[in-house]
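Each chain, letter by letter, is given below.
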Amino acid sequence: MKVLLAASEVAPIIKVGGLGDVVGSLPKALEKIGVNADVIVPFFPSAKTQGLNVYKNMEIDVPFNNETHVVSVYSTKLPGSDVDVMLLNNDRFFTNWKNSAFANSVSETEVFTFFCRCIVEYLKSKFNTYDVVHCNDWHTGLVTHLLVDELDAERPGTLFTIHNLMYQGIGTMDVVREAGILPGAHPLVDYDIQDGDINLLFQGITSSDFVNAVSESYAKEILTEEYGKDLADVLKAREGRLSGILNGIDYTALPRSFDLGSFKTEKKKLKSALQKKLGLKVDDSPVFAFISRLDSYQKGLDILYEVIPSILENEGQFVLLGTGDPKWEETLKEYFVKENEQHQGRLSINITFDINLANDIYAASDFLLIPSRYEPCGLTQMVAMYYGTLPIVHAVGGLKDTVENGVNGFSFDGYVSTNLALVINKALEIYRRDGQRELDTMIKNAMRSDFGWGKSAQSYKSLYEKIVKYRSLNI
Ligand code: NHF
């Protein structure tokens, strides 16, 4: 079985968010169970290739918008593995596209439509090599259509994974023509562009052989209007071809200086060091952390903001790390300026992207707050648990599938700040109970939870096999 994973990012080479972590770790787990997995991504200038052996493998000619564009395919290995990563280099679409000083700067949907076209040209040059193309998110939404056009019955099977349904890649319909898709070739494209734009996620969902979401709960939630919005009906129509597979994490990428026997003393030391580093009071107050992209709709910032005062009034400490929505960045900075004096040494707001600081916070905190309105899978709760930091989560999506209230963390139903406040109070109560016996049991449960890729990689393998079987039977 040979699979090509196509995505916009692959950690640690290109990492924007959780998608990068998944694409950087799933293929390693697949290789361990006999699935030969390659990865294909654009060679964006932000790629970190220092220390990696990157060489130019070949050039492909990519027809796009009535021109032929030369794309260089660079190859490297995913660090610490035998997984081949193909990095696609093209000045106009992947290197300079954000540079508005560059003549005719291109839109994001155009960049990724071009990417889809590149993937298909690459597959043609490797004809009969791959059994399945595993597409991820809207960036790869046109791959199946283009494969049908180019290779028809000889094409590999396709799987489309939804990491986040809210990002759909909606752009002008021009990209359809630019990609070389003819009117009448794909009824769903014609249907979609009637309003003048194209939804690349919609195209990926409707055209691929199979579709999956990144947790079982999310796969069910997106069938409802609340979470699936205007795509709920489209997803329902794919019943029998839609499933949920929980993401895993790569524990080898997470250094930890303690284990089940030593967590109590070690975490205490780490906590003091973090408090010192962040200018917090060095004491045994419970530390509540929030580490996330500051996404105003998804990440629960509105209800989080409402409970910060009660954490501080209850003698807790609050640490935030993240960047994102400029309005929230401003609001949080202002909050610090306004409140810090009154709560001296209890508040630390870090508007920055800092992986090392994130790791320090994961390891040293007592609780990690994840009040997301929706969460397809979520990886931070898994990382927190590994570090014996109890997650406090809104019971949705992957958070619901990984955190058991009162066992390895805390969860609440109903997206309102009062529910979040109640569960925080419960956590405080357990933290302050004499001897912390209950807390320690929960920490041990969390540290023992296994969120490695083992089981989920097997599920992907079975799904790939099913896709190949269905293709051979032409169903
Ligand atoms: O874990 C990777 C990530 C998810 O919940 C996360 C999200 C984006 O929102 O699958 O993708």
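Residues numbered from 1 in each chain as written. Predicted model: local features only at pLDDT ≥ 70, side-chain atom pairs only at ≥ 80, totals over all residues. Heavy atoms only, no water.

(A) Structural context of the overall build of the protein chain. Summing up its helical and strand segments, the protein chain has 19 helices and 17 strands in all. Taken over the C-alpha trace, the protein chain has a radius of gyration of 23 Å; the compact-globule value for 475 residues is 23 Å, and the two agree within 12%. Dimensions along the principal axes, computed over C-alpha positions, put the protein chain at roughly 70 × 45 × 45 Å. Within the span of the protein chain, comprising 475 residues, buried residues form 57% of the whole. Long-range pairs, those at least 24 residues apart, make up 71% of the contacts in the protein chain between residues at least 6 apart in sequence. Counting every atom, the protein chain has about 20,000 Å² of accessible surface; 49% of that belongs to carbon and sulfur. (Helix = DSSP H or I, 4+ residues; strand = E, 2+ residues; numbered from the N terminus. Rg over C-alpha atoms; globule rule 2.2 N^0.38 Å. Buried < 20%, exposed > 50% of the residue type's maximum accessible area, 1.4 Å probe, protein only. Contact = heavy atoms within 4.5 Å. Areas by Shrake-Rupley, 256 points an atom, 1.4 Å probe, with all protein chains shown as cover.)

(B) Region of interest: the side chain of Lys299. Among the secondary structure elements, Lys299 is positioned in the loop between strand 12 (287-291) and helix 12 (301-313). Its relative accessible area of 12% is what places Lys299 among the buried residues.

(C) Quick look at the site of the ligand. The full set close to the ligand counts 13 residues, and His163, Asn247, Glu375, Cys377 and Gly378 are the nearest of them. At a separation of 2.8 Å, an oxygen atom of the ligand approaches a polar side-chain atom of Asn247. One of the backbone N or O atoms of Gly378 is found 2.9 Å from an oxygen atom in the ligand. Taking 290 Å² as the accessible area of the ligand by itself, protein coverage stands at 93%. (Near = heavy atom within 4 Å. Polar contact = N/O pair within 3.5 Å; in protein donor to acceptor, adjacent residues only side chain to side chain.)

(D) Spatial organisation of the environment of Phe202. Mapped onto the elements, Phe202 comes out in helix 7 (residues 200-207). For Phe202, a relative accessible area of 8% gives the class buried. On a C-alpha basis, the gap between Phe202 and Ile170 in space is 9.3 Å, while along the polypeptide they are 32 residues apart. Contact partners of Phe202, with chain neighbours within four places excluded, come to Leu188, Tyr191, Asp192, Leu231 and Val234.

(E) Region of interest: the pairing of strand 7 (residues 157-162). The buried count for strand 7 comes to six of six residues, which makes it a mostly enclosed element. On strand 7, burial covers both faces: Gly157, Leu159 and Thr161 on one face and Thr158, Phe160 and Ile162 on the other are all buried. Sheet topology places strand 6 (residues 132-136) next to strand 7; five bridges connect them, and they run parallel. The residue bridging Asn136 from the neighbouring strand is Thr161, located in strand 7. Assessed by its sense of winding, the connection that carries the chain from strand 6 through helix 4 (residues 143-151) to strand 7 is right-handed. Across four bridges, strand 7 lies against strand 10 (residues 210-213) in parallel orientation. (Pairing = 2+ DSSP bridges. Right-handed = clockwise from strand over helix to strand, strands pointing away.)

(F) Main features of the sheet that holds strand 12. One open sheet holds the six strands; their spatial order is 14-13-12-15-16-17, and the pairing between them is parallel. The outermost strands of the open sheet, each flanked by one partner alone, are strand 14 (347-350) and strand 17 (410-412). On average, each strand axis in the sheet is tilted by 15 degrees relative to the strand beside it, whichever way the strands run. This element, helix 12, spans strand 12, strand 13 (317-321), strand 14, strand 15 (367-370) and strand 17 of the sheet and lies at about 150 degrees to strand 13. Each of strand 15, strand 16 (390-394) and strand 17 is contacted by helix 18 (residues 437-448), which is oriented at about 80 degrees to strand 16, the strand it contacts most. (Axes fitted to C-alpha atoms, helices over the stretch in contact; angles between N-to-C directions.)

(G) Fine view of the packing of helix 1 (residues 18-32) against helix 19 (residues 454-472). Where helix 1 meets helix 19, the closest approach of the two axes is 9 Å, and the angle between their N-to-C directions is 75 degrees. Viewed along their axes, helix 1 and helix 19 adopt a mutual orientation that is roughly perpendicular. Contact residues: helix 1 offers Leu26, Ala29 and Leu30, while helix 19 offers Ala457, Tyr460 and Tyr464. Here the contact of helix 1 with helix 19 is composed, by residue class, of six nonpolar, no polar and no charged. (Parallel < 35°, antiparallel > 145°, perpendicular 65-115°, else oblique. Nonpolar A, V, L, I, M, F, W, Y, C, P; charged D, E, K, R; others polar.)

(H) Structural view of the state of the cysteines. In this structure the tally under the stated criterion is zero disulfides. Among the cysteines around Cys118, which has no disulfide bond, Cys116 carries the closest sulfur, lying 9.0 Å off. Distance from the sulfur of Cys135, which forms no disulfide, to the nearest cysteine sulfur (Cys116) is 7.4 Å. (Disulfide = S-S within 2.5 Å.)

(I) Local environment of unusual backbone geometry. Residue Pro12 is reached from Ala11 by a cis peptide bond, and omega for that bond is 5 degrees. Secondary-structure assignment places Pro12 in the loop between strand 1 (2-6) and helix 1. The backbone of Asn66 sits at a positive phi, close to 65 degrees, despite the residue not being glycine. Looking at the element boundaries, Asn66 is found in the loop between strand 3 (55-64) and strand 4 (67-77).

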